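Structural description and commentary
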Amino acid sequence: MTNTTIKSMVQPKAEHHNQPKTIYLKDYQPPHYWVDSVDLIFDLFEDYTEVRSTLCVRRNTGIAQEQTPFILQGEELELRALVLNGKTLDLENFDLTAEALIIHTVPETFTLEITCITHPEKNTALSGLYRSKALFCTQCEAEGFRRITFFPDRPDVMAKFTTTIIADTNLYPVLLSNGNPIEQGLLINNRHWVKWEDPFKKPCYLFALVAGHLIALEDHFVTRSGRLIALKIFVEWENQDKCAHAMTALKKAMKWDEETYGREYDLDIYMIVAVNDFNMGAMENKGLNIFNAKYILARPETATDTDFQHIDLVVGHEYFHNWSGNRVTCRDWFQLSLKEGLTVFREHHFMDDITQSAVSLIEHAMGLRSHQFAEDAGPMAHPVRPESYVEINNFYTSTVYEKGAEVIKMLKTLLGTDTFRKGMDLYFERFDGQAVTIEDFVACHEFVSKRDLTQFKLWYSQAGTPEIEVNEEYHPKTQTYTLQLKQSCPPTPHQPKKNPMLIPIAVGLLNAQGEDLLENKTQILNLTETEQSFNFPSITEKPMLSLLRGFSAPVKIKSPLSNEQLAFLLAHDSDDFNRWDAGQMLSIRIILELIEDWQKSKPLKINNLWWKAHQSLLEDKRLNTALKAEILMLPSSPYVIEFLDSADPDAIFAVKKFLRKEISRRAKKHLLQLYQDNHNTERYCYSTETAAKRFLKNLCLSYLMEYPDKNHMALCLKQWKTANNMTDSLAVLGILADVDCPEREKILEEFYNRWQHDVLIINKWFRVQASSALPNTLECVQKLMQHPAFDINNPNTVYALIGTFSHNLVCFHEKSGKGYRFLADIILQLDTINPQVAARMMTAFTHWRKFDKDRQAKMRSELERIQKTAKLSTDVYEIVNKCLFGTSPQT
Ligand code: B3K
Ligand code: ZN
């Protein structure tokens with residue numbers, strides 16, 4: 001085969017996946033070759049795209065030898081030409097496998113030119129370069145760049161990128177990439193081009209390209225050093241009136257990051273593009289964020305309060321990544337929480353500052369307890385920094401994100417606000433432009449605090465949710481109160497035994513009048529031993545314990561308090577988070593007792609203490625609106641399941657229904673009053689205060705509608721008819737979705753007719769129907785799959801209809817197992833289209849061992865059916881094997 005050059009070589013198909021490889025953190029090795037710069041030229045056509053890249057490469061001489069090959073990852077590409085230092089390579093100079101291009105021998109520094117063909121128009125996985133209807137766009141994190149061109153696709157290879165995009169002038173008038181536009185021009189055949197240059201070195205996962213017929217909402221921001229930044233939000237033309245909120249959110253986030261973390265934006269232009277087909281929420285590509293349209297588009301009539309809030313947070317999150325993620329990035333994907341945990345932490349901090357109340361804390365704790373605790377207790381449990389993975393996309397988890405954020409919150413608690421800020425400043429300064437590790441991050445905080453954080457780092461390496469047992473003693477003679485804390489952490493996959501962690505426990509002590517007894521109200525105890533006692537001197541009366549104030553650590557507390565004591569805290573604790581939490585604990589206890597009664601077919605009876613505690617809150621006029629609403633909500637079903645070994649969804653549903661009905665029956669008058677007090681007919685405007693009012697009002701309406709009599713129905717219909725915003729309309733739709741009545745069909749139809757042109761709103765319509773507890777919900781979901789608005793290739797519609805159904809407590813878990821069969825069928829179908837979406841749908845199955853024996857057996861057989869299917873993606877393969885065998889076979 002001498003002197004044979006390539007005309008076209010298609011990569012061999014990947015062997016599907018009988019033995020996918022497990023990647024280990026311990027095997028990390030620095031790259032053999034650095035890429036200093038890359039120049040990309042994209043020629044976009046309707047039936048293929050040609051990508052030409054020129055790489056300036058340099059051997060990492062400390063690590064690699066002369067004979068060390070240069071390996072570039074690539075997936076589903078067609079290689080057209082390969083030129084090294086101006087010389088075309090022969091077939092004998094390289095190998096092309098399903099995963100990589102391997103060039104056998106290369107000089108110490110060289111230029112490599114690669115031409116390849118990719119097919120965005122056939123890319124349904126939405127990873128790499130793909131089409132979202134008339135638009136070209138990209139998603140490269142984690143390993144999508146290798147689907148665009150051959151490249152050492154790993155975050156520690158950081159290069160300067162220039163990108164030229166060539167496309168049809170009419171179809172793709174807007175051509176975008178990272179950095180600044182530096183040149184543009186016209187070509188023959190009605191084509192044009194734009195060249196972009198990103199002055200910052202970046203890993204290829206932050207590369208982005210967009211081409212399409214888009215319009216931009218433009219604005220600007222002046223940084224604190226006086227630089228003018230152009231801000232542009234690109235959307236489809238019909239959506240141009242829906243970007244104002246996102247733009248305000250962006251400016252708010254830019255200002256906040258300057259004030260709170262001293263972080264200024266660095267390029268002259270910040271662009272966001274909203275796309276309809278996107279696997280997750282958004283992506284922080286340098287200077288060119290790509291967003292799921294759902295987190296950009298909003299007008300009062302089209303978006304709910306929750307949508308407005310999410311836009312604030314996601315826009316903020318992606319913006320904050322510009323420093324925590326882009327300027328300082330991850331050395332390898334095991335360090336993912338270095339950027340994600342930190343950025344979620346910064347996002348939470350932003351939200352705390354916007355909302356100025358405990359509600360933000362409550363929502364974070366609720367999220368963690370409902371999802372992350374379950375993850376930590378299930379077959380996919382992993383440390384915040386995982387030690388191995390099969391498919392990295394499976395590790396964008398609530399452990400890496402939300403628990404990772406809580407770990408940083410603990411660090412801040414331990415070091416104090418000022419020292420923590422110094423640590424952050426040092427981190428950004430010391431590692432600017434580098435790809436680093438979690439150790440590097442913690443080392444900065446060790447340096448500024450002069451503390452040894454070795455034990456603290458266990459939070460990154462040990463999986464599982466620590467549990468704290470509490471004993472208390474009061475000695476009247478010595479006026480000493482003693483708190484004895486015992487920590488343990490249940491075994492998790494590959495980690496049977498755990499070491500004691502450093503856990504900051506915020507504690508308050510109250511007297512009988514509910515007044516704080518400790519200096520500064522709250523004290524932080526550093527729990528470091530398996531068992532440890534803490535003495536509080538000069539306590540003149542037996543105090544009431546308020547533990548884990550402000551959710552100071554992501555742990556479970558076995559509370560020593562009686563129901564009476566919990567009710568006391570619910571009424572009096574000065575820490576709003578703990579007031580709410582005492583109410584949650586009390587409700588959980590009542591729910592668990594009622595579940596036992598229900599299972600023994602005993603009549604359900606209301607617990608008087610529980611009722612009185614809730615009644616007085618309902619009637620409390622001074623209680624903050626948002627907090628009142630949070631307290632009046634029953635604990636989420638996933639959180640209830642945390643306390644059960646063999647969960648029966650019917651029992652949970654029946655008991656929660658019973659409690660809701662009791663609240664409704666007993667508090668009818670007050671619920672109505674609260675409804676009226678919080679009902680607002682003025683022009684809608686999103687703010688935390690008005691959103692809290694709507695939240696409480698609609699919660700009251702939903703309680704009232706537990707008895708859908710004439711009056712309550714009339715109230716619902718009136719709200720439906722007069723609503724001037726989506727929150728209020730959707731609230732009615734959501735309530736009626738659970739009521740079998742003629743109004744239900746009528747309103748569903750009216751809603752559809754009014755909004756059929758807007759896909760995001762039709763997703764709400766799907767969601768409401770898929771979450772209904774009515775017995776024919778599965779059949780309804782199956783029918784909706786045939787609806788023209790449902791598109792199995794579009795992740796948003798799949799999440800809305802199928803995802804929502806898979807979390808429907810009663811209907812998904814319906815005893816016959818038909819819900820399970822339905823989901824497994826869809827997962828197998830989705831796996832051939834979009835493995836990341838298929839893997840996400842597996843979540844509903846991962847906790848199968850938490851349910852009763854019958855349901856376990858039925859879920860297991862669906863999991864086995866999936867597991868036995870040939871040609872699974874690595875994504876689904878890893879999850880299904882871990883679900884069934886606790887490990888993927890090879891590990
Ligand atoms: N960094 C992205 C997530 C990418 C997910 C890849 N499967 C969005 C974010 O967390 O900001
Ligand atoms: Zn992120």
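Above: the structure in question.
The present account deals with the structure reproduced in this document. (Residues numbered from 1 in each chain as written. Chains lettered and ligands numbered in written order. Predicted model: local features only at pLDDT ≥ 70, side-chain atom pairs only at ≥ 80, totals over all residues. Heavy atoms only, no water.)

With that out of the way, let us pick up the overall build of the protein. Per the secondary structure count, the protein includes 28 helices and 32 strands. A compact globule built from 891 residues would reach a C-alpha radius of gyration of about 29 Å, and the protein, at 28 Å, matches this within 12%. Judged by the C-alpha coordinates and their principal axes, the protein covers about 90 × 65 × 60 Å. The 891 residues of the protein split such that 61% are buried. Contacts spanning at least 24 positions in sequence make up 71% of the contacts within the protein whose residues lie at least 6 apart. Here the protein has roughly 35600 Å² of accessible surface; of this, 51% comes from carbon and sulfur atoms. Seen as two clouds, the 99 positive and the 115 negative side-chain charges of the protein have centres 4 Å apart. (Helix = DSSP H or I, 4+ residues; strand = E, 2+ residues; numbered from the N terminus. Rg over C-alpha atoms; globule rule 2.2 N^0.38 Å. Buried < 20%, exposed > 50% of the residue type's maximum accessible area, 1.4 Å probe, protein only. Contact = heavy atoms within 4.5 Å. Areas by Shrake-Rupley, 256 points an atom, 1.4 Å probe, with all protein chains shown as cover. Lys, Arg positive; Asp, Glu negative; His and termini not counted. Charge placed at Lys NZ, Arg CZ, Asp CG, Glu CD.)

Taken in spatial order, the 3 strands of this open sheet run β5-β9-β8, and their pairing is antiparallel. Each edge of the sheet is formed by a strand with only one pairing partner; in this case those strands are β5 (70–73) and β8 (94–96). On average, each strand axis in the sheet is tilted by 10° relative to the strand beside it, whichever way the strands run. For β5 and strand β9 (residues 100–103), the ladder comprises 4 bridges, and the chain directions are antiparallel. (Pairing = 2+ DSSP bridges. Axes fitted to C-alpha atoms, helices over the stretch in contact; angles between N-to-C directions.)

Before going further, it helps to examine the coordination of the zinc ion (ligand 2). For the zinc ion (ligand 2), the full set of protein donor atoms is H317 (NE2), H321 (NE2) and E340 (OE), at a range of 1.9 to 2.1 Å. In primary sequence terms, the donor set of the zinc ion (ligand 2) follows H-x3-H-x18-E. Note that H317 is positioned in helix α2 (residues 305–320) and E340 in helix α3 (residues 336–355), a separation of 23 residues in sequence. Given a relative accessible area of 7%, H317 falls into the buried group. (Donors = N, O, S within 2.8 Å, 3.2 Å for Na, K, Ca; no water.)

What follows concerns the site of ligand 1. Taken together, 14 residues are adjacent to ligand 1, and E141, A282, E284, E318 and Y401 come closest. K339 is positioned such that a nitrogen or oxygen atom in its side chain is 3.4 Å from a nitrogen atom of ligand 1. Burial of ligand 1 by the surrounding chains reaches 93%, relative to a free accessible area of 340 Å². Of all elements in the fold, only β21 (282–283), α2 and α3 reach the threshold of two or more residues within the shell around ligand 1. Split by residue class, the shell around ligand 1 holds 5 nonpolar, 4 polar and 5 charged. (Near = heavy atom within 4 Å. Polar contact = N/O pair within 3.5 Å; in protein donor to acceptor, adjacent residues only side chain to side chain. Nonpolar A, V, L, I, M, F, W, Y, C, P; charged D, E, K, R; others polar.)

Moving on, we come to unusual backbone geometry. Cis geometry marks the peptide bond from E141 to A142; its omega dihedral reads -5°. Within the secondary structure layout, A142 lies in the loop between β12 (135–139) and β13 (158–168). Within the chain, N85 stands out as a residue other than glycine whose phi angle is a positive 45°. Relative to the helices and strands, N85 resides in the loop between β6 (78–84) and β7 (87–88). Judged by its relative accessible area of 45%, N85 falls in the partly exposed class. The phi dihedral of N520 falls on the positive side, at around 60°, and the residue is not glycine.

What follows is about the nonpolar core. In a soluble, globular protein the nonpolar side chains are often hidden away together inside. Core analysis: the largest hydrophobic core is formed by 296 residues, its most contacted members being I103 and F845. For this core, the element with the most residues is helix α10 (residues 576–599), which contributes 10 residues. When sequence neighbours within four positions are dropped, the list of residues in contact with I103 reads P69, F70, L72, L82, L84, L89, N93, F94 and L112. (Core = buried A, V, L, I, M, F, W, Y, C linked by side-chain atoms within 4.5 Å.)

Take the sheet that holds strand β19 (residues 228–235) next. Read across the sheet, 5 strands follow the order β18-β19-β20-β22-β21 without closing on themselves; strand pairing throughout is mixed. Across the chains shown, the open sheet's two edge strands, defined by having one partner strand only, are β18 (215–222) and β21. Sheet topology places strand β20 (residues 269–275) next to strand β22 (residues 288–292); 5 bridges connect them, and they run parallel. Opposite V273, over in β22, you have I290 as the bridge partner. Sheet contacts for helix α1 (residues 244–261): β18, β19 and β20; angle to β18, the most-contacted strand, approximately 25°.

An ideal rise of 1.5 Å per residue puts 16 Å on 12 residues; helix α28 (residues 874–885) measures up with 16 Å between its terminal C-alpha atoms. Here α28 lies mainly inside the structure; 11 of its 12 residues are buried. Within the span of α28, buried status applies to T874, D875, V876, Y877, E878, I879, V880, N881, K882, C883 and L884. On its buried side, α28 packs onto β24 (388–389), α24 (818–833), α25 (835–841), α26 (843–846) and α27 (853–868). (Expected span 1.5 Å × (residues − 1).)

As enumerated under the stated definition, the model contains 43 aromatic pairs in all. Relative to Y389, the ring of F334 lies with its centre 4.8 Å away and its plane at 35°, an arrangement referred to as tilted. Of this pair, F334 sits in the loop between β23 (329–330) and α3 while Y389 sits in strand β24, and the two are 55 residues apart along the sequence. Measuring from ring centre to ring centre gives 6.1 Å for F805 and F812, while their planes differ by 90°; the resulting arrangement is edge-to-face. F805 gets classed as buried once you look at its relative accessible area, which sits at 0%. A connected cluster of aromatic rings, assembled from ring pairs, spans W256, Y261, Y265, Y270, Y319, F320 and F350. Just above the ring of Y261 sits the side chain of R346; from NZ or CZ to the centre is 5.0 Å. The ring of Y799 carries the charged tip of R840 above its face, separated from the ring centre by 3.8 Å. (Phe/Tyr/Trp six-rings, centres within 6.5 Å; stacked < 30°, edge-to-face > 60°. Lys NZ or Arg CZ within 6 Å of the ring centre and 35° of its normal.)

A separate point is the pattern of salt bridges. Counted under the stated rule, the structure contains 62 salt bridges. E75 is paired through a salt bridge with R147; the nearest N and O atoms lie 3.4 Å apart. Of this pair, E75 sits in the loop between β5 and β6 while R147 sits in the loop between β12 and β13, and the two are 72 residues apart along the sequence. For the salt bridge of D516 with R549, the shortest nitrogen-to-oxygen distance reads 3.1 Å. Linking D516 in the loop between β28 (503–510) and β29 (523–527) with R549 in the loop between β31 (544–547) and β32 (556–558), this pair joins segments that are 33 residues apart in sequence. For D516, a relative accessible area of 21% corresponds to the partly exposed category. Counted as one network, the salt bridges with shared partners bring together D648, D650, K815, D852 and R855. (Salt bridge = Lys/Arg side-chain N within 4 Å of Asp/Glu carboxyl O.)

Here we take up empty space enclosed by the protein. Once rolled over the atoms, a probe with the size of a water molecule shows which space is left empty. The tally for this structure, following the rule as stated, stands at 1 cavity of 30 Å³ or more. Approximately 60 Å³ is the volume attributed to the largest cavity. Looking at the largest cavity, the residues that line it are S132, L135, V235, E236, N239, A274, V275, N276, A293 and L297. A per-class count over the lining of the largest cavity returns 6 nonpolar, 3 polar and 1 charged. (1 Å grid on protein atoms, 1.4 Å probe; cavity = no way out; pocket = protein on both sides within 12 Å on 5 of 7 lines; lining within 4 Å. Points joined across faces, edges and corners; volume = space filled by probe spheres on them.)

Tallied over the entire structure, the rule returns 0 disulfides. In this structure C116 is not part of a disulfide, and its nearest cysteine sulfur, from C140, lies 13 Å away. You can see C741 has no disulfide; the closest cysteine sulfur is in C716, sitting 8.8 Å from it. For C741, a relative accessible area of 12% gives the class buried. (Disulfide = S-S within 2.5 Å.)

For the rest of this paragraph, the subject is helix α15 (residues 668–678). When we look at burial in α15, the residues that qualify are L671, L674, Y675 and N678. One face of α15 carries all of its buried residues, which in axial projection span an arc of 105°. (Arc of directions from axis to C-beta.)

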